[in-house]
Every structure is written in structure tokens, then in C-alpha cells.
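Structural overview
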Amino acid sequence: MASKTAKTITIRYFALLREESQKTEETFSTKSTTPLELFKELKAHYQFTLPMDSLRIAINDEFKPWNVKLKSGDDIVFIPPVSGG
Amino acid sequence: MFLISKKSIEKNQSKTDLSNGHAGAFASFEGWVRQVNDGKDIAALEYEVFDELAVKEGNLILKEAKENYLILDAKCIHRSGKLKIGDMAVWVGVTAEHRKDALKACEYIIDAIKMRLPIWKKEHYKNGDSGWIHCRPVQGNSQSAHEFSNPELQYYSRQMNLPQVGLDGQKKLKDAKVLVVGAGGLGSPALLYLAAGGIGTLGICEFDHLEIHNLHRQPLYSFDKIGQVKSQSAVERLETLNPFINIKIHDEKLTADNVEKLMTAYDIILDCSDNFKTKFLLNDACYLTKKILIMASVYQFEGQLKVYRPEKSASCLRCLWPNVPDDSCLDCATAGILGFVPGFFGILQAAEAIKQILRLEGLASNELLIFDFLSYRMKTLKQVRDPACLVCGEKPMLTKIDAGNYGDENRFQLQLSHLPLKEFQKFELVDIREPQECATKPVVGIRLKNFPFSQIKETEKLFNRRGEYLVFCEKGIRSNRVVRKLRSEGFSQAFSVLGGTDAVNEYIAVHKKDFDSPVTK
């Protein structure tokens, strides 16, 4: 499967994920094929505390489900809900 | 050309300006100051004119005359300042090829001038009295009948100078009814700019008292108001800022029971709250009552902005987050916040409200704007409507506001349509319907357990503490009760399926080809 080859993607972090990763954005090389796999990979790496079901994912400026296929060059944003006011 | 003149009108010069070899007719009208008005003897009178707007509207009237009648040119001069009996107050001149066009256009112009120009007349009577007479209600093109006082027009003059605002736009703002829920970090600037912008009816829903640690991000208030009721202090401040608007206080906490009633009198709602429960209540209530909702939330150095409009392309907050999230994302009080972050987002909310009223372009109702103050990165993320959304989807589950949807249930309720298959397959599916119900609406094509609700007594005999369970019933009410009980007894991985049996069957239908397990029932 071609999708198993490593691809380079850009990831942007907001709110709690930014704090926990201590990064605003990074370029990342991954073999993950879906955002779900990618998140698990990152969660293991950064010890993210937010459960996956409280996050949403946007790829190339559009919210997408967790099971879409990732492509090289994708711009990924993980977004937690925030409530401060 | 339309002019306002402080000196007496030179009609001969104006007539010369209009002369044209093609003209076969010239019609003019002169308005003079007369001795008696409404039975009172007049000694003199004074015109006060809102110059910028009068010139703009006057020129628009002349343009309309040229478009509507076959005329060659038109000119009008209106006086301002003090006039004596017999002085000329207004002069209109029109040239055309034929007399009828010239006469008709002349009449059109003077009628429109009397009707639409922001001009006030102060009459000085012979008995020594005097009084301001509003020539006519200022009507602009929209013919709506709101009156603006002269100081009011001066107040808004700088924004009315914008072609996108004008008199018509200002009237729309005056007619608008906006409710701001939460007068804190977001609400402070939102209220200040909405009030200053001339929102005619402004509601404040806030029940807190002002505390010293509010002030760094809530500049609507002042140090001497600490300990006082916020809504009252807010009104006092806003009334000194703009005395021409109507401010209403709703000094109560927004709940599932009062949300719809509170919103009734308003067209646009600003969610300036600081908790998920209120945000989701407003989202659901605005969808159900078809009101515009402008939401903002902040976290440390960043924030999110979303506008919901009742239109086909709109997506709602629950399309993004089906359940009310728990508070693992901390609020301002605990996470810490710099004042300008909610300040900026509150201004964005006021901007979206004002643009909405003026029908200007704004954030689309299927977008989420995120902005980060540290990197100055702004993103507009597209979020299409989720057909499975509990509120605005094709088969909505939340069709009325029910207090039960905004409490703790949300922590253990799960919306199947958002669950990837791999995650789903980790769970044991538990049907707690009674045998009769299972027969009426069977769930087939998937492995599941059936523990009828009426027979669930000792949970430990049925459930394993380490197990991961998806519990469903017909509608989701009994499964909530069972899961609440399970959770309280330490079964931490038990979830209740939102939407009950229908949601399960739909999930099975969508993933039919992926289930390789034999049919069990």
C-alpha cells in the first residue's frame, strides 16, 4: 500500500495541545495513514492528556473525520474545545 | 449639485450655472420664510443642518431626479443658520428639453428634500418664545419612521459617513435587538462597542457581582464598583457612553428553563459566557428558535469565533462537538488569561453583530475562526454541517431544550456517528431493551449482549470492571441511568449511546460491509 510510505505533514497545535507539546507547529514525518493513527502516535510522543473524542481535526483548513487518508503536504490542525470568556 | 449655504441664496448665479443650449425649459422653486406658522407669529427662524449627511442625501435626490425624469440638469441650495421673514430658505432649479419634465422633476426634488433631509428648524416667535421643529421625520430611502434627534445624528455622524452605513444603516442598528450573555472578559468590550455603535435595544444577561480580579480583563467596570451587581454597573457605564439607546438587564443565570424566554425579545445573541454548558444551551436554543448566535471562547493566548445563522449552509456547535465537553479545558480563572485576549474576541463579536445588522460580509456560518496572539496566526476552518448532528442534522435528537442535556450525562454519552470503526470494535455493545422491544425493532448484523433493563440489579454480575461498554436502549434515557450507575460504581469505560437503537442501526448500516462477525442476537 502506497499510503504506508512516510509522508511529511505540517501540524499546528492549539490550546492545551500547544502547552503539552510546547510547540505551535511542526513539520512531521509519519507513516500514519489516518489522523487517528497520527494522533495516537503524537499522544504517545507528547503524553497528550485530552481524550481523542474531545478533539476535532482540520486538514487543509477543513474539518474532517478521523478516518480520512493523509497525504504528503497536508496541513493538520488539532483543535480542542475552549470555553474561556 | 446640492449645496448647503450659510449666506443668502444667489439664485441668479445658480440659474446661470444651469444654462444649456439644449434646454427648452427651466423650472424653479423657491421656499420662503413666512410670517405665520401654526397660528404663531414668527419673527425669525434658524435652520440647523447635519451637513455631511444632508449633502450626501441631497445629491442622491438630484441623481434620482435625473434618472427618473428626462431632464438635463438640476441644482438645489438649502440655507442653514438664521433667516428673517421673506428670506429664501431653499431654491431648486431644473433644466429640460420640455416643460413637463422640468416641472415634474422640480416637484420631485423639493418633496424629497422636505421629506428626507436631516434639517431642523428653530422658530423664534414674536411673543419671545422659540421652539425647535423637526421639519419632517428623517426618513432616508427606506421610509422607516424612526426619528433621530440632532445630537444623536452628530453622535453617529462619523460612522454614518461610511457609504455602507448611512442613515439607513444607522436605522437598522437602532431597530436591532441584541442580547449579550455574560458581561465578563468578552462581554465588556462587546457591550461597549455595541452601545457606542447605536444598537437600539441591548440586553445584558449577567448575575455575578464584580470582583477585584475581574477588572484586568473587564474594563467596562471600575474599581469603585467592586462588590456591586455587574449588570447594574454595566448599565450605568453604558448609559453614560450612549444615552440614546435602550438597555435591559436580565439579572439571572441562564438555564435550560429560561433560555428561550430570555431570548424571545432579541434577534441576535452574543455568547460571551465562560462555560460549555451555557455555550451549548445557547447553540441549541438559537438553532431551535432560528436566531443568530455569535460565539467566542478564549484560552490563554488564543481564541475561537463562530457565527451561527439560521440558513441552509450553516453548521452548529454540535456539528463540531456533539456533547458538552467536560472542563478539562480550563476556564480563564484557572488557566490564566491576559485581558486583551477576550478583549479582542469580544470586539470581534460586536463587529460580527454590527456587520450582520448592516448586511456586510462576515464570517460564514460554516466556519470557525481561530487566532493565536503569540504567533499572530489566524485560520478560518471550514466546518460543513454534520448530517448526523444531534441538533441540526437530518434526524435531530435534540428537538427541544431539556435540562438533562447540559449536565453530567454528556461526559458518558457518546455519539456513534463520530466513532471510528476501530474504536467501536473495542467496545462490547449492550442492548438493555426488554425482549418485546427487541422483537419490534431488532438490531441485527452485529454481536451484542442483551441485559433487559428491568433485570439489571447487581451490575457486577453482568459487567466486567475492565470492560469497555456501549450501552443503548430505545431512546437513550434508560441507558443514561444504567451508565450513570455503572460509572458511580467504578466502571469507567461505560458509555451511553446517544439516540438509542436508531443510532445503532444507522451505524451498522453505514459500516455494514466492514462487519465480518456473524449475526448474533
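Cut-off values and rules
- Each chain carries its own residue numbering, running from 1 in the written order of its sequence.
- Just so you know, chain letters begin at A and ligand numbers begin at 1, following the order they were written in.
- At least 70 in pLDDT is required for a residue's local features to be given in this predicted model, at least 80 for side-chain atom pairs to be given and counted, and no such filter applies to totals for whole chains, interfaces and linings, which use all residues.
- Counting other C-beta atoms within 10 Å of a residue's C-beta gives its exposure: the residue is buried at 20 or more, exposed at 12 or fewer, and partly exposed in between, where C-beta atoms are placed from the backbone.
- Helix and strand definitions here come from DSSP, where helices need a minimum of 4 consecutive H or I residues and strands a minimum of 2 consecutive E residues; each element is numbered from the N-terminal end.
- Working note: the arc is built from the helix axis to C-beta atom directions.
- Residues are scored as being in contact if the C-beta atoms we place from backbone atoms lie within 7 Å.
- Between any two strands, at least two bridges found by DSSP are needed for them to pair.
- Throughout, an axis means a line fitted to C-alpha atoms (over the contacting stretch in the case of helices), and angles, computed between N-to-C directions, take values from 0 to 180 degrees.
- Note on definitions: a nonpolar core is a set of buried residues drawn from Ala, Val, Leu, Ile, Met, Phe, Trp, Tyr and Cys, linked by C-beta atoms within 7 Å.
- Throughout, the ten residues Ala, Val, Leu, Ile, Met, Phe, Trp, Tyr, Cys and Pro are labelled nonpolar, Asp, Glu, Lys and Arg are labelled charged, and all others, Gly among them, are labelled polar.
- Handedness of each helix crossing follows the sense of rotation of the near helix against the far helix: counterclockwise by less than a right angle gives left-handed, clockwise gives right-handed.
- Confidence of the predictor in every single residue is expressed as pLDDT, which spans 0 to 100.

Residues and elements named next belong to chain B. Considered for burial, the residues of helix α4 (residues 150-160) that qualify are Leu153, Tyr156 and Met160. Down the axis, α4 shows its buried residues gathered within 90° of arc, on one side only. Structural note: α4 exposes Pro151 and Arg158 on the side pointing more than 90 degrees away from its buried face. On its buried side, α4 packs onto α2 (51-68) and α5 (166-175).

A separate point is the sheet that holds strand β18 (residues 413-414) of chain B. All names here are of chain B. Spatially, five strands are ordered β18-β22-β21-β19-β20 in an open sheet, and the strand pairing comes out parallel. Two strands in the sheet have a free side with no partner beyond their single neighbour: β18 and β20 (449-450). Sitting on the sheet, helix α17 (residues 477-488) touches β21 (469-472) and β22 (494-497), and the angle it makes with β22 is about 170°.

Residues Ala105, Ile109, Val178, Val180, Leu191, Ile269 and Val471 of chain B are the most contacted members of the largest nonpolar core, which totals 159 residues. In contact with Leu191 of chain B, other than residues within four places in its own chain, are Val180, Ala183, Ile204, Leu220, Ala234 and Leu238 of chain B.

Attention now goes to the interface of chain A and chain B. The accessible area lost on association of the parts is a frequent measure of interface size. Contact residues are listed per partner, giving 22 residues for chain A and 36 residues for chain B. Residues belonging to the side of chain A that touches chain B are distributed by class as follows: 13 nonpolar, six polar and three charged.

Next up on the list: the packing of helix α6 (residues 187-197) of chain B against helix α12 (residues 340-357) of chain B. Residues and elements named next belong to chain B. It is the contact of α6 with α12, at a shortest axis distance of 7 Å, that shows an interaxial angle of 35°. Judged by the twist between their axes, the crossing of α6 over α12 is right-handed. Contacts between α6 and α12 involve Gly187, Ser188, Pro189, Ala190, Tyr193, Leu194 and Gly197 from the former and Gly343, Gly346, Ile347, Gln349, Ala350, Ala353 and Ile354 from the latter. A breakdown of the residues in the contact of α6 with α12 according to their chemical character gives eight nonpolar, six polar and no charged.

The subject of this paragraph is the packing of α6 of chain B against helix α7 (residues 230-241) of chain B. Residue and element names in this part refer to chain B. As a packed pair, α6 and α7 sit with axes 9 Å apart at the nearest point and diverge in direction by 35°. Taken as a pair, α6 and α7 cross one another with a handedness that is right-handed. Taken together, the residues of α7 that come into contact with α6 (itself represented by Leu191, Leu192, Ala195 and Ala196) are Ala234, Leu238 and Leu241. Broken down by class, the residue content of the contact of α6 with α7 amounts to seven nonpolar, no polar and no charged.

A few words now on the sheet that holds strand β1 (residues 2-5) of chain B. One key point about sheets: their strands pair by backbone hydrogen bonds, in either a parallel or an antiparallel sense. All names here are of chain B. Pairing is mixed across the open sheet formed by four strands, whose spatial order is β1-β5-β7-β2. Strands with a single pairing partner mark the edges of an open sheet, and in this sheet they are β1 and β2 (25-32). This sheet shows a mean twist of 10° between the axes of neighbouring strands, independent of strand direction. Where strand β5 (residues 71-79) lies against strand β7 (residues 88-96), seven bridges are found, and the strand directions are antiparallel. Looking across to β7, one finds that Ile77 is bridged to Trp91. Here helix α3 (residues 99-116) sits on the sheet and contacts β2, β5 and β7; the angle it forms with β7, its principal contact strand, is near 145°.

What follows concerns the confidence of the model for chain B. All names here are of chain B. In the predicted model, chain B carries a mean pLDDT of 88, and 93% of its residues have values of at least 70. Below pLDDT 50 for its whole length, residues 135-146 participates in 25 contacts with residues either more than four positions away or in separate chains. Our summary of model confidence lists the complex with pTM equal to 0.67 and ipTM equal to 0.88.

Glancing now at unusual backbone geometry. Of note in this structure, Gln22 of chain A is not a glycine but carries a positive phi near 55°. Position of Gln22 of chain A among the secondary structure elements: in the loop between α1 (15-21) and β2 (25-30). Overall, Gln22 of chain A belongs to the exposed group, with 8 C-beta atoms counted inside 10 Å. Of note, Lys290 of chain B is a non-glycine position whose phi angle comes to about 55°, a positive value. Positionally, Lys290 of chain B belongs in the loop between α9 (276-289) and β14 (292-299).

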